[in-house]
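Residue-level structural notes
Each chain, letter by letter, is given below.
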Amino acid sequence: MNMTSPPEWIENITYDEISLGQSARLLRTLTLADIQAFAAVSGDTNPAHLNPQYANGTLFHGVIAHGLWGGSLISALLGTQFPGPGTIYLEQVLHFTKPVRIGDTLTVTVTVIRKDDSAKQVELDCQVVNQKGERVLNGTARVLAPTLKIRLPKINAPQIQLFDPEARFKELLSLGDGMPAVRCAVVHPCDVESLSGAMDSARHGLIVPVLIGPEVRLRHLAEEAGIDLTGIEIISVPHSHASAEKAADLAAAGEVELLMKGSLHTDELIHAVLARPALHTGRRMSHVFRFDVPLYPKPLLITDAALNIHPSLQEKVDIIQNAIDFARIMGIGCPKVAILSAVETVNPNIPSTLDAAALCKMADRGQITGGVLDGPLAFDNAVSAHAAQIKHISSAVAGDADILVVPDLESGNMLAKQLEYLAGATGSGLVLGARVPIALTSRADGPMSRVASALLAQLAAYNARGDATHQAWKASV
């Protein structure tokens, strides 16, 4: 028998049940999310509510709530409690007397001061005071009160997920504060997107670009796109294959610290890197995506969704170790690694579950270090604590993963693109496992993604340094 808890009910007070002097109240504490949500819904982006630097210079000396946010609390009280469902707003008069700040707890009180039997209208005195007893808002409301009794299951308000890609982008870029630009070979940037991405990365102080490609073509492209190449080093080679070879040679010789993919095919660049033993580390090269997902509270790394098609168990060890090491560079002390499959139990008919179990045991034996592993986990169990709880999964990783390890490239590629195109995630990525990191972008990636990928590669490249400058920077962050 399926037992469910009874729903909460919402019940109105009809006109005949209302008496003069009758009152009701509501309490609400203002949060930053309330201000942001009100701005998003209303379109009122007055900097007095959203920009602390500006707001500190106003007569209020800090961020304050929109005045009508307080008014909306009166509406909420009238519509849900007193008189409740069936109430029709006719008129509202408001007087704003004090600002409301983040953390203030408001008590909203409405009191009946007049009834009109012929029209079934009710006039109410409205008072809003803060936790200090100071009146911040007052006025009167006139409503058409309900005449029929209504009792309905309570409807929970829909959750508003506030996601500001630009703010997340700036937060990511701040990880490189105080870190000098890294000399970077930009490989065959022969389309506007990759050339502008490289120059944007240089403008943000992430890289010192060395453009490798047909010089005449690059300069013509820059002129058409309005991109200034003054002072930028260009190494002219005839085609994409030669660009990849030259970039790999520069990396092998230590003349550049990272590579950035332009408009050539990924396998062309990777093949050039693999062909140079000086760039080998003894570890499998793999790709890591970094996503900011609106419905997830922290950055999410996905690997490998771009390089290794059907990785073996030993290759997955390297893939996971690469991702853990990079997560630690990004400031995650002990990354939580979810090894994904279709189910959360070991099934001999699903090879990825066997790999997951083996990988977890290998981590127990010290063959994978620096993180906490669990698997197999289905995607929902990896990112949702609620889903994990329902399935009785007790795990430090489930519902709170930092890294998602996919079974193969197909599943990873589909997952990454679903997050981007259906969930509104913003992504960036790089290739790890060689002596130099590779900022790897897609032809469809926008400017922010390309700059973010450069930042990830810059962090990885700079972390590989052992000089005094790097040690001082590392200590500062």
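Definitions and limits used
- Residues numbered from 1 in each chain as written.
- Predicted model: local features only at pLDDT ≥ 70, side-chain atom pairs only at ≥ 80, totals over all residues.
- Heavy atoms only, no water.
- Core = buried A, V, L, I, M, F, W, Y, C linked by side-chain atoms within 4.5 Å.
- Buried < 20%, exposed > 50% of the residue type's maximum accessible area, 1.4 Å probe, protein only.
- Helix = DSSP H or I, 4+ residues; strand = E, 2+ residues; numbered from the N terminus.
- Contact = heavy atoms within 4.5 Å.
- Lys, Arg positive; Asp, Glu negative; His and termini not counted.
- Salt bridge = Lys/Arg side-chain N within 4 Å of Asp/Glu carboxyl O.
- Polar contact = N/O pair within 3.5 Å; in protein donor to acceptor, adjacent residues only side chain to side chain.
- Pairing = 2+ DSSP bridges.
- Axes fitted to C-alpha atoms, helices over the stretch in contact; angles between N-to-C directions.

Looking at the nonpolar core
In terms of nonpolar packing, the biggest core is built from 56 residues, with Ile 320, Phe 326 and Leu 373 touching the most fellow members. Sort the elements by how many residues they give to this core and helix H15 (residues 447-463) lands first, with 10 residues. Apart from residues lying up to four places away in sequence, Phe 326 is in contact with Val 288, Leu 301, Leu 430, Leu 432, Leu 456 and Ala 460.

Focus on the side chain of Asp 318
Relative to the helices and strands, Asp 318 resides in helix H10 (residues 313-329). Of the buried charged residues, Asp 318 lacks a salt bridge, with Arg 283 as the closest side chain of opposite charge at 4.6 Å. Within the structure, the side chain of Asp 318 is placed 2.9 Å from the backbone nitrogen of Arg 284, a separation counted as a polar contact. Among residues more than four places away in sequence, those in contact with Asp 318 are Arg 283 and Arg 284.

With respect to the sheet that holds strand S11 (residues 258-261)
Strand order across the open sheet formed by 11 strands is S10-S9-S8-S11-S18-S17-S12-S13-S16-S14-S15, with mixed pairing between neighbours. Looking at strand neighbours, the two that pair on one side only are strand S10 (233-236) and strand S15 (372-377), the edges of this open sheet. Sheet topology note: the strand S8 (residues 182-187)/strand S9 (residues 207-213) ladder contains six bridges and is parallel. Residue pairing across strands places Val 187 opposite Ile 212, the latter belonging to S9. Of the strands in this sheet, S8, S11, strand S17 (426-432) and strand S18 (438-439) touch helix H9 (residues 266-274), which is tilted by about 160° from S11. H10 rests against strand S12 (286-292), strand S13 (300-303), strand S14 (336-340), S15, strand S16 (403-405) and S17 of the sheet, and its axis sits at about 155° to S13.

What about the pattern of salt bridges?
Within the structure shown, the criterion is met by 21 salt bridges. With a shortest N-O distance of 2.5 Å, Arg 276 and Glu 245 are connected by a salt bridge. Separated by 31 residues along the polypeptide, Arg 276 in the loop between H9 and S12 and Glu 245 in helix H8 (residues 240-252) bring together distant segments of the chain. Among the residues examined, Arg 276 registers a relative accessible area of 13% and is labelled buried. Take Glu 245: its relative accessible area is 21%, and that puts it in the partly exposed class. One connected set of salt bridges, linked through shared partners, spans Glu 11, Glu 17, Lys 149 and Arg 151.

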